[in-house]
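Spelled out from the first residue to the last, the chains are:
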Amino acid sequence: MSAIPVAIIGAGPYGLSLAAHLAALKIEHRIFGRPMQFWSNVAAAGGDRFLRTYCFGTNISTPRSGFTFADYSGPRGLETFEPCSISDFVGYGQWFQQANVPWVEPVDVAQVSGAPHCYKLRLADGTEVRAEHVVIAIGLNGFAHVPAALRSLAPGLAAHTSEINSFTSFKGREVAVIGAGQSALEAAALLLEAGAQPSLLVREQSVDWMSRVAQKRSLWRRLRSPISALGSGPVAWTLAHFPGAMYHLPDAARARIFKNYLTPGGAWWLRDRIENRLPVHVGTTVEGARETNGRVVLRLHIDHAGDKSVREMTFDHVIAGTGYDIDVERLSFLDPDLRQSIQRLGRAPRVNARFETSVPGLHVIGPASAMSFGPLFRFVAGCEYASQAVSAQLASRRKAMA
């Protein structure tokens, strides 16, 4: 079986962007995965769910003009600034895919094995494919983080926000939502609106709410706090406009920025759906959990306003809005020998300036590359730079071999 030059695993924003750029350079490739799968699952859970980012900063990339989120939303009378509906974003992604990457093969990759530049991919339908280069572009799929204290609970009692299929299924139930980020806050609001009785458990001393940014602002305000794909302010503007700069920082400095920038918080449009509408327990850390009579008993450590104590609270369900943990070991479709060969930054893969891991020919783009490139790549906004960098490298190598 002859090897194709490039195999892309994942058909979300990063995978679709890379395929569009490779096609423009006439580099043969195949792309595997169900288009916009992660986002489609999020939208299917129901309720009013929105992106935290601006619409103009959420573009899937292609060298062709006319395919930004605004190009899709404007003619349809949809929001083009904020808040942008996740269901609209899914529609945009599918529209983009049909127009730019119609050759997507909607099948999962079950296993990747082989030596550098000679990889064997076994698909979920049993088909085998060989590729010289493999690009992992799976987004956040498989990286949901559930606190250790909850992992012993049965799946029906505890779940990550990304695993919720329907918020209406919790109607009339008491639900603990853990976290203070966008996903936790939105889950709490959607549960309340679906007729559930949510309580929000927040480790921090308060919930951090983003301020609404006016589209029309004075020149002084625009200079002092410019708007970019990552939000407003000079740091966000710098990260968005110099996407490759953070790669050149020392590992410790980059990790510090990654940890401290864009800390958990909620978008302005969620605030009225949360405050004074449901219990919010701040300064509260979940230390343990057990099942009792089909319900969940949480052991909580309280440290707020002089109250330092341990108490228990009982709920019907627990939902963890606790983010994502990028870990090479979670790339279960990679042969163990391949996983073992990948150098890491913490648990995340270390990639070079062209998003190639320490295993030649094996690339990683999207959120899994963010520890090497910075917080921009946790978001769709990093699609263009990553796609251009990888496609340029592959084009250069193909030219050198010609």
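Up top you'll find the structure we're talking about.
A. A look at empty space enclosed by the protein. On inspection of all chains with the given rule, the structure shows one cavity of 30 Å³ or more. Lining the largest cavity are Phe143, Ile326, Asp327, Val328, Leu331, Pro349, Val364 and Ala368. Residues of the lining of the largest cavity, tallied by class, amount to seven nonpolar, no polar and one charged.

B. Seen up close, the side chain of Ser372. Turning to its location among the elements, Ser372 is positioned in helix H11 (residues 370-373). Residue Ser372 is classed as buried on the basis of its relative accessible area, which comes to 1%. Leaving out residues up to four positions away in the same chain, Ser372 has contacts with Met246, Tyr247, Arg254, Leu345, Pro349, Arg350 and Val351.

C. Layout of the pairing of strand S14 (residues 307-315). In the sheet, strand S13 (residues 295-304) pairs with S14 via nine bridges, with the strands oriented antiparallel. Bridge pairing links His301 to Val310 in S14.

D. Spotlight on the side chain of Ser225. Counting through the fold element by element, Ser225 comes out in the loop between helix H6 (219-224) and strand S9 (227-228). Ser225 sits in the buried class, given a relative accessible area of 12%. For Ser225, the residues in contact, after removing those within four places along its chain, are Arg217, Ser232 and Gly233.

E. Broad picture of the pattern of salt bridges. Within this structure, the stated rule accounts for 17 salt bridges. In this structure, Asp325 and Arg347 form a salt bridge, with 2.8 Å as the shortest nitrogen-oxygen distance. Of the two residues, Asp325 sits in the loop between strand S15 (317-320) and helix H10 (336-341) while Arg347 sits in the loop between strand S16 (344-345) and strand S17 (348-349), which places them 22 residues apart along the sequence. Judged by relative accessible area, which is 45%, Arg347 ranks as partly exposed. A single salt-bridge network, built from bridges that share partners, covers Glu174, Arg295 and Asp316.

F. Highlighting the nonpolar core. Residues Leu16, Val112, Leu121, Phe355 and Ile365 are the most contacted members of the largest nonpolar core, which totals 76 residues. Among the elements that line this core, the one with the most residues is helix H1 (residues 13-24), at six residues. Core analysis: the next-biggest nonpolar cluster, separate from the first, contains 29 residues, Phe167, Ala188, Ala194 and Ile319 among them.

G. Looking closely at the state of the cysteines. For the structure shown, the criterion picks out one disulfide. Across the disulfide from Cys55 sits Cys84; the S-S distance is 1.3 Å. When the S-S torsion is -100°, as for the bridge of Cys55 with Cys84, the disulfide is left-handed. Here the residue Cys55 occupies a position in the loop between helix H2 (37-44) and helix H3 (69-73), and Cys84 occupies one in the loop between H3 and helix H4 (86-100), the gap between them amounting to 29 residues. Both residues of the pair, Cys55 and Cys84, belong to the buried class. Here Cys383 stays unpaired: no disulfide links it, and the sulfur of Cys55, its closest cysteine neighbor, is 15 Å away.

H. Here's a closer look at the packing of H1 against helix H12 (residues 383-401). Axis separation between H1 and H12 bottoms out at 9 Å; the angle between their running directions is 45°. One way to sum up the angle between H1 and H12 is to call them oblique. The interaxial crossing formed by H1 with H12 has right-handed handedness. Of the residues in H12, those touching H1 at Pro13, Tyr14, Ser17, Leu18, His21 and Leu22 are Cys383, Ala386, Ser387, Gln388, Val390, Ser391 and Leu394. Counted by class, the contact of H1 with H12 contains eight nonpolar, five polar and no charged residues.

I. H1, seen in detail. For H1, with twelve residues, the first-to-last C-alpha span of 17 Å sits near the 16 Å given by 1.5 Å per residue. Counting buried positions over the twelve residues of H1 gives ten, a clear majority of the element. Burial in H1 covers these residues: Pro13, Tyr14, Gly15, Leu16, Ser17, Leu18, Ala19, Ala20, His21 and Leu22. In this structure, the buried side of H1 is in contact with strand S1 (4-9), strand S2 (29-32), H2, H4, strand S5 (128-136) and H12. Among the residues trailing H1, Lys26 stands out with phi positive, at a value near 60°.

J. Just the sheet that holds S14, in detail. If you trace the three strands from one edge of the open sheet to the other, you get S12-S13-S14, paired in antiparallel fashion. Bordering the open sheet on either side are strand S12 (284-292) and S14, each of which pairs with just one other strand. When strand polarity is set aside, the average angle formed by the axes of neighbouring strands in this sheet is 20°. The pairing of S12 with S13 spans eight bridges and is classified as antiparallel. Each residue of the ladder has a partner; that of Thr284, found in S13, is Ile302.

K. The packing of aromatic side chains, seen in detail. According to the stated counting rule, one finds 25 aromatic pairs in the structure shown. With a centroid separation of 5.0 Å and an interplanar angle of 20°, the aromatic rings of Tyr54 and Phe81 are classed as stacked. Of the two residues, Tyr54 sits in the loop between H2 and H3 while Phe81 sits in the loop between H3 and H4, which places them 27 residues apart along the sequence. The class for Phe81 is buried, based on a relative accessible area of 9%. Within the aromatic cluster, the residues linked to one another by ring pairs are Phe38, Trp39, Phe67, Phe69, Tyr72, Phe89, Tyr92, Trp95, Phe96 and Tyr324.

How each quantity is defined
Residues numbered from 1 in each chain as written. Predicted model: local features only at pLDDT ≥ 70, side-chain atom pairs only at ≥ 80, totals over all residues. Heavy atoms only, no water. 1 Å grid on protein atoms, 1.4 Å probe; cavity = no way out; pocket = protein on both sides within 12 Å on 5 of 7 lines; lining within 4 Å. Points joined across faces, edges and corners; volume = space filled by probe spheres on them. Nonpolar A, V, L, I, M, F, W, Y, C, P; charged D, E, K, R; others polar. Helix = DSSP H or I, 4+ residues; strand = E, 2+ residues; numbered from the N terminus. Buried < 20%, exposed > 50% of the residue type's maximum accessible area, 1.4 Å probe, protein only. Contact = heavy atoms within 4.5 Å. Pairing = 2+ DSSP bridges. Salt bridge = Lys/Arg side-chain N within 4 Å of Asp/Glu carboxyl O. Core = buried A, V, L, I, M, F, W, Y, C linked by side-chain atoms within 4.5 Å. Disulfide = S-S within 2.5 Å. Axes fitted to C-alpha atoms, helices over the stretch in contact; angles between N-to-C directions. Parallel < 35°, antiparallel > 145°, perpendicular 65-115°, else oblique. Left-handed = near helix turned anticlockwise from the far one by under 90°. Expected span 1.5 Å × (residues − 1). Phe/Tyr/Trp six-rings, centres within 6.5 Å; stacked < 30°, edge-to-face > 60°.

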